[in-house]
Amino acid sequence: MINSVSSVVSKRKGKKNGTANGDLQKWKYKESFEQAPLYVAVLTYLGFGVVTLFGYFRDFLRAIGLEKCHIAQEREEQKDFVPLYQDFENFYTRNLYMRVRDNWNRPICSLPGPVFDLMERVTDDYNWTFRHTGKAIKNVINMGSYNYLGFAENNFLETVADTTKEYGVGVCSTRQEMGNLDIHEELEDLVATFLGVESAMTFGMGFATNSMNIPALVGKGCLILSDELNHTSLILGARLSGATIRVFKHNNMQSLEKLLRDAICSGQPRSHRPWKKILILVEGIYSMEGSIVRLPDIIALKNKYKAYLYLDEAHSIGAVGPTGRGVVELFGLDPSEIDVLMGTFTKSFGAAGGYIAGKKDLVDYLRTHSHSSVYASAMSPPVAKQIIRAMKCIMGLDGTTVGIQRVQQLAENTRYFRKKLHEMGFIIYGNEHSPVVPLLLYMPGKVGAFARKMLKRGIGVVVVGFPATPITESRARFCVSAAHTREMLDKVLNTLDELGDYLTLKYSRKTPPSKSELYDERN
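Everything numeric here is computed off the predicted structure, so don't read it as measured data.

> Teacher, can you tell me more about the sheet that holds strand β7 (residues 278-283) here?
Whether parallel or antiparallel, the strands of a sheet pair through hydrogen bonds between backbone atoms. Read from one edge to the other, the open sheet built from seven strands follows the order β4-β10-β9-β8-β7-β5-β6, with strand pairing classed as mixed. At either end of the open sheet lies a strand with only one pairing partner, and these are β4 (199-203) and β6 (244-248). Pairs of neighbouring strands in the sheet enclose a mean axial angle of 20°, with direction left out of account. Relative to strand β9 (residues 340-344), strand β8 (residues 308-312) runs parallel, the two sharing three bridges. The residue of β9 that forms the bridge with Asp312 is Met342.

> Help me understand the environment of Pro107 in this model?
Here Pro107 shows up in the loop between α4 (88-95) and β2 (115-122). Accessibility expressed as a relative area gives 28% for Pro107, which makes it partly exposed. When residues no more than four places from it in sequence are discounted, the contact partners of Pro107 are Asp117, Leu118, Met119, Arg121 and His132.

> I tried to follow the layout of surface pockets on my own but got confused; where do I start?
Think of a ball as big as a water molecule: rolled over the atoms, this probe shows where empty space is left. Empty space within the largest pocket amounts to approximately 640 Å³. Lining the largest pocket are 29 residues, and of these Asn230, His231, Thr232, Ser287 and Met288 sit closest to its centre. Ranked by residues supplied to the lining of the largest pocket, first place goes to helix α8 (residues 232-241) with five residues. Considering only residue class, the lining of the largest pocket consists of twelve nonpolar, ten polar and seven charged. Asn103, Asn105, Gly144, Val461 and Val462 are the residues nearest the centre of the second largest pocket, which is lined by 24 residues in total. Listing elements by their share of the lining of the second largest pocket, those giving two or more residues are β2, α16 (444-456), β13 (459-460) and β14 (462-464). Here the residues of the lining of the second largest pocket sort into 15 nonpolar, six polar and three charged.

> Hey, could you run me through α16 in this one?
What sets the pattern is the α-helix's 3.6 residues per turn: residues three or four places apart point alike. For α16, the complete set of buried residues consists of Pro444, Lys446, Val447, Gly448, Ala449, Phe450, Ala451, Met454 and Leu455. Downstream of α16 by a residue or two, Gly458 has a phi angle that is positive, lying close to 85°.

> Before we go on, may I ask you to explain a negative patch on the surface in this structure?
A cluster of like negative charges, contributed by Asp162, Glu166, Asp182, Glu185 and Asp189, occupies part of the molecular surface. The set of elements that each furnish at least two residues to the negative patch consists of α5 (158-167) and α6 (182-195). With three residues, the single largest contributor to the negative patch is α6. With respect to the element layout, Glu185 can be found in helix α6. Judged by relative accessible area, Glu185 falls into the partly exposed class, the value being 42%.

> Can you help me understand the sheet that holds strand β3 (residues 131-142) in this one?
The sheet built from three strands is open, its strands ordered β2-β3-β13 with mixed pairing. Looking at which strands have only one partner, the edges of the open sheet turn out to be β2 and β13. Strand direction decides the pairing type here: β3 and β13, joined by two bridges, are parallel. In the sheet register, Asn142 faces β13, and the bridge partner there is Gly460.

> So what exactly am I meant to see when it comes to the side chain of Glu313 here?
Here Glu313 is to be found in the loop between β8 and α11 (326-330). There is a polar contact of 2.8 Å between the side chain of Glu313 and the backbone nitrogen of Val327. Those residues within four positions of Glu313 in sequence are excluded, and the remaining contacts are Arg325, Gly326, Val327, Val328, Leu341, Met342, Gly343 and Tyr355.

> Quick question: what am I supposed to make of helix α10 (residues 295-305) here?
Taken across its eleven residues, α10 has eight buried, putting it largely inside the fold. Taken as a whole, α10 has its buried residues at Leu295, Pro296, Asp297, Ile298, Ile299, Leu301, Lys302 and Tyr305. A positive backbone phi angle near 60° is found at Lys306, which sits one or two residues after α10.

Rules used throughout
Residues numbered from 1 in each chain as written. Predicted model: local features only at pLDDT ≥ 70, side-chain atom pairs only at ≥ 80, totals over all residues. Heavy atoms only, no water. Pairing = 2+ DSSP bridges. Helix = DSSP H or I, 4+ residues; strand = E, 2+ residues; numbered from the N terminus. Axes fitted to C-alpha atoms, helices over the stretch in contact; angles between N-to-C directions. Buried < 20%, exposed > 50% of the residue type's maximum accessible area, 1.4 Å probe, protein only. Contact = heavy atoms within 4.5 Å. 1 Å grid on protein atoms, 1.4 Å probe; cavity = no way out; pocket = protein on both sides within 12 Å on 5 of 7 lines; lining within 4 Å. Points joined across faces, edges and corners; volume = space filled by probe spheres on them. Nonpolar A, V, L, I, M, F, W, Y, C, P; charged D, E, K, R; others polar. Patch = residues over 30% accessible without salt bridge, like charges linked within 9 Å, V, L, I, M, F, W, Y side chains within 5 Å. Areas by Shrake-Rupley, 256 points an atom, 1.4 Å probe, with all protein chains shown as cover. Salt bridge = Lys/Arg side-chain N within 4 Å of Asp/Glu carboxyl O. Lys, Arg positive; Asp, Glu negative; His and termini not counted. Charge placed at Lys NZ, Arg CZ, Asp CG, Glu CD. Polar contact = N/O pair within 3.5 Å; in protein donor to acceptor, adjacent residues only side chain to side chain.

Have a look at this one:
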């Protein structure tokens, strides 16, 4: 029997990991994944059906030369071979994505803080190409970037400029050759201390931290058990490894345990030899769902079946936990129970790159076997300095309480924003502690309209559709920041309330939760 979250956390009460474990006993794991009413689902499928019919009709017009196709396509001599572009995702891009493309890829022409300036652009060919007007849309509230703790701001970049003068912008070498600087080693020591582990190593790109390190950890004869909603970087790394991949349902412990049990009982296909390694891949916060991993249950299963656990904390490190140390701290767990701790500096730290942390033997092995370590250029020194400053601020090593205040402000803003959206009647996904807040739009026609009308009212949002989400679950994804003031959030909420009525987006049939259900004792 799988231990419940509360029982696993209670067993760890009193462990020394820098958190108030007694308070964590009061916390309950609550997530929302409300299904849309039947009429919304029917209208959504009907909308995509109409789009598909018109799409095939327009493809026919393009094929006979009555309509010009501006997107990439095969040359005549290639059409008898495997199609490169004419798959369904490309069909979707041609016939729906291009209709609302003016909402995506808008150049930001200012600092990407809580407010920013967007370059104004127009199109003369139905969003195939754009030209800039030379003007900017000023003071747009930024509800789409991962600036969770607000460190992407001018008043935090002073000593980074000094580092640029001392070290330069680029290292122009790998860590294994001439690119290993003292600032890199300082950063790695600080990351290990921050996470409470033996050792850590850093990389210049967050995506490559997953895609290039997973192949160094597992290979042929190994089994990877991957959550169905894992990020593309984890999926790519798993595929590049050559290991066998099996997918379990999102945050479903019964599905994961069934795969683990079958793997132990049956072994490898055909030969039935035992797997060399079994690696479980999960994320701390899932970036499109806003859900938090059921970490205590997964650790219980990992220990029961002698598997390894790889935890991607890209969106959770710095953003959750009483002192910003991620989901491990949020659940009151010991970091040593996770075999591979991964995270990025591209979100909460306002920088770039990623890290792998854990036991010293693991990190030493990756230093000599990881493609990202051996072949990739080392992290830019100014970027490393920015991470060091942000991390020291969170830890209080800069002599201030600014960092912990930002962590607490983010938690307060997240609870407030989610509470108000619940009260308004929107369907939102995810965990109450997650600063990633997906608001379901469903119908394809409303995706573009929502983003345009929000921008017209001075609010920049990210609208997401297929293939990043299931085709019938288009959504707007809000990312709450500690840099958002209450006035900013109220403006966003008032606008959402207005547009929710105007576009008929308030699909929730649940009674708004009470204050006691949304707020725990910790602030």
